[in-house]
Each structure stands twice: as C-alpha cells, then as structure tokens.
Amino acid sequence: MSLSKTASRALIIGFAVMLGACGFKPLYGPRGTNTDVGANIKTEDYLALVRIGPIKDRLGQMMHNELLERLNPKGRPVHPRYTLTVTVTESIGSLGVQKSGDVTRANLNLTASYALEALSAEQGGAAVALASGSLRAVSSYDISSAEFATLSASRNARINAVREVADDIRTRIAVYFSQNAPLAEQ
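A brief look at the structure comes next.

Cut-off values and rules
Residues numbered from 1 in each chain as written. Predicted model: local features only at pLDDT ≥ 70, side-chain atom pairs only at ≥ 80, totals over all residues. Heavy atoms only, no water. Helix = DSSP H or I, 4+ residues; strand = E, 2+ residues; numbered from the N terminus. Buried < 20%, exposed > 50% of the residue type's maximum accessible area, 1.4 Å probe, protein only. Contact = heavy atoms within 4.5 Å. Areas by Shrake-Rupley, 256 points an atom, 1.4 Å probe, with all protein chains shown as cover. Expected span 1.5 Å × (residues − 1). Phe/Tyr/Trp six-rings, centres within 6.5 Å; stacked < 30°, edge-to-face > 60°. Core = buried A, V, L, I, M, F, W, Y, C linked by side-chain atoms within 4.5 Å. Polar contact = N/O pair within 3.5 Å; in protein donor to acceptor, adjacent residues only side chain to side chain. 1 Å grid on protein atoms, 1.4 Å probe; cavity = no way out; pocket = protein on both sides within 12 Å on 5 of 7 lines; lining within 4 Å. Points joined across faces, edges and corners; volume = space filled by probe spheres on them. Nonpolar A, V, L, I, M, F, W, Y, C, P; charged D, E, K, R; others polar. Salt bridge = Lys/Arg side-chain N within 4 Å of Asp/Glu carboxyl O.

**Quick notes on the overall build of the protein**
Part 1 of the argument: From N to C terminus, the protein includes 4 helices and 4 strands.
Part 2 of the argument: N-terminal to C-terminal, the α/β element order of the protein is α-α-β-α-β-β-β-α.
Part 3 of the argument: Relative to its 186 residues, the protein shows a buried fraction of 34%.
Part 4 of the argument: Relative to all contacts within the protein whose residues are 6 or more apart in sequence, the contacts with residues 24 or more apart total 60%.
Part 5 of the argument: Within the structure as shown, the protein displays about 11700 Å² of accessible surface, and the carbon and sulfur contribution to it stands at 55%.

**A few points about helix α3 (residues 57-71)**
Part 1 of the argument: Between its first and last C-alpha atoms α3 spans 21 Å; for 15 residues at 1.5 Å apiece the expected length is 21 Å, and the two agree.
Part 2 of the argument: Every buried residue of α3 is accounted for by Leu59, Gly60, Met62, Met63, His64, Glu66, Leu67, Leu68, Arg70 and Leu71.

**Quick word on the packing of aromatic side chains**
Two aromatic rings, taken as a pair, are described by how far apart their centres are and by the angle between their planes.
Part 1 of the argument: Overall, the coordinates contain 3 aromatic pairs when judged by the stated rule.
Part 2 of the argument: Pairing Tyr46 with Phe177 gives two aromatic rings, centres 5.3 Å apart and planes at 20°, and the pair type is stacked. You can see Tyr46 sitting in helix α2 (residues 43-47) and its partner Phe177 sitting in helix α4 (residues 147-185), a full 131 residues away along the chain.
Part 3 of the argument: The exposure class assigned to Phe177 is buried, which follows from its relative accessible area of 0%.
Part 4 of the argument: Here the aromatic rings of Tyr176 and Phe177 are separated by 5.7 Å at their centres, their planes lie at 65°, and the arrangement is edge-to-face.
Part 5 of the argument: By relative accessible area, which is 14% here, Tyr176 ends up buried.
Part 6 of the argument: Through successive ring pairs, a cluster of aromatic residues spans Tyr46, Tyr82, Tyr176 and Phe177.

**What about the nonpolar core?**
Part 1 of the argument: One finds Met63, Leu67, Leu84, Val86, Leu110, Ile169 and Phe177 to be the most contacted residues of the largest nonpolar core, which totals 38 residues.
Part 2 of the argument: When residues of this core are traced back to their parent elements, those giving at least two are α2, β1 (50-52), α3, β2 (82-97), β3 (103-119), β4 (127-142) and α4.
Part 3 of the argument: Take this core: its biggest share by element is 12 residues, from α4.

**Structural notes on the side chain of Arg70**
Part 1 of the argument: Locating Arg70 in the fold gives a position in helix α3.
Part 2 of the argument: Polar contacts involving the side chain of Arg70 include one to the side chain of Glu66, which spans 2.5 Å.
Part 3 of the argument: Ignoring any residue separated from it by four or fewer positions in sequence, one finds Arg70 in contact with Arg163, Ala166, Asp167 and Arg170.

**Describing unusual backbone geometry**
Part 1 of the argument: Unlike most non-glycine residues, Asp57 shows phi in positive territory, near 70°.
Part 2 of the argument: Mapped onto the elements of the fold, Asp57 is located in helix α3.

**Points about the environment of Asn65**
Part 1 of the argument: Here Asn65 shows up in helix α3.
Part 2 of the argument: In this structure Asn65 comes out as partly exposed when scored by relative accessible area, which is 41%.
Part 3 of the argument: Separated by 97 residues in the primary sequence, Asn65 and Val162 have C-alpha atoms spaced 9.9 Å apart.

**Considering the layout of surface pockets**
Gaps between atoms show up when a probe of the same size as a water molecule is rolled over them.
Part 1 of the argument: As a volume, the second largest pocket reaches approximately 160 Å³.
Part 2 of the argument: Lining the second largest pocket we find Arg58, Met62, Asn65, Glu66, Arg155, Arg158, Ile159, Val162 and Arg163.
Part 3 of the argument: Of all the secondary structure elements, the ones that give two or more residues to the lining of the second largest pocket are α3 and α4.
Part 4 of the argument: The element that contributes the greatest number of residues to the lining of the second largest pocket is α4, accounting for 5 residues.
Part 5 of the argument: Here the residues of the lining of the second largest pocket sort into 3 nonpolar, 1 polar and 5 charged.

**Digging into the pattern of salt bridges**
Part 1 of the argument: Tallying each qualifying case throughout the model produces 5 salt bridges.
Part 2 of the argument: Across the pair Glu90 and Arg158 runs a salt bridge whose closest N-O atoms are separated by 2.9 Å. Of this pair, Glu90 sits in strand β2 while Arg158 sits in helix α4, and the two are 68 residues apart along the sequence.
Part 3 of the argument: Bridged by salt links that share partners, the residues Glu66, Arg70, Arg163 and Asp167 form one connected network.

Here it is as structure tokens:
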C-alpha cells in the first residue's frame, strides 16, 4: 500500500511542524535569535575555544590527537576559554575460547572520563566545572596464530575505539554548548 504524493507531503509537513513544536534546535546551526546573548554563534565556534589537556601514555596521545581533529580542526586556540581534561584506560577480555583453551577473539574495552571547565578571568584563571562524564567503547578483534595479524587487528580495534570515544566526547560537549553557551560566557 503506497501513499499518494499529496498524502506523503502532508505527512512530511505535519512531521516538520511537530518537530518544531517540541523545541528541536539544530546542534550545529547559529544559536538563538538576534536578541539572545549567543546570537549567530555556532557550536563550532565554542568548540574551537577548547584547549585539550595532555593525556598520559600512547593511548592518551591517540585520544588527544583525535580530539584535536574534532574540536580544533583549524589549529589549537590561541586564547582558550575552556579546558578539557580526559583520562583513558583500556582492558582486554577474552571473548572466544576454544576447548583447548586457546583464545580466538578478544574485546578491547576503552573507558574515558572527561571534564570540561571554563577558564575564569575573575578568579585568577581558576577553572569552573561545566560538564563531565564517562564513556565506554568496545571493539572486538580476532586473535590469529600469526602474531603480526593479531597485532594489526588489536591496533585497528584500539584506533576504532579511540575514534568512537572522541566522537562521543565531541558530541556531548557540542550538546552542552548548544544548550548552555550563553551561561558559560557570563
């Protein structure tokens, strides 16, 4: 059963009206109306003002680079207004075990905690907590009898998990700025 063109257009228009009525705002568009404090400031503009703190170990370096790519694609901020602190841990768990006890598949569990803080000029540069959270990504890979294949698979699993967590951190921070940016400026 198919809808006529008129009925499908009416359905689309009805959906658009309902979406607007529920308070939907695009995440990456300009903020508010011309009377708002944050008018015409995009979420990317706020993200570009975030300085990413150093993260320990090679895994942290990978996370730092992914976050730089997502938050500061035009380069590190010269005058940052916010700082992002991230800690990352990983663990590997056996997933597929044969009767002989050989492991054939593993899960790489990556956990990251983050904290976004505003740098306050009034308080001598002290940080004011804005948002924080914890994220987790799981990436599975095969364990082969060939050591190089296993190393490559685990490396790819690590890269995928780091990218997933970096994307999630960026999204959470973007949502925070989308909802609270004028408050964060005061």
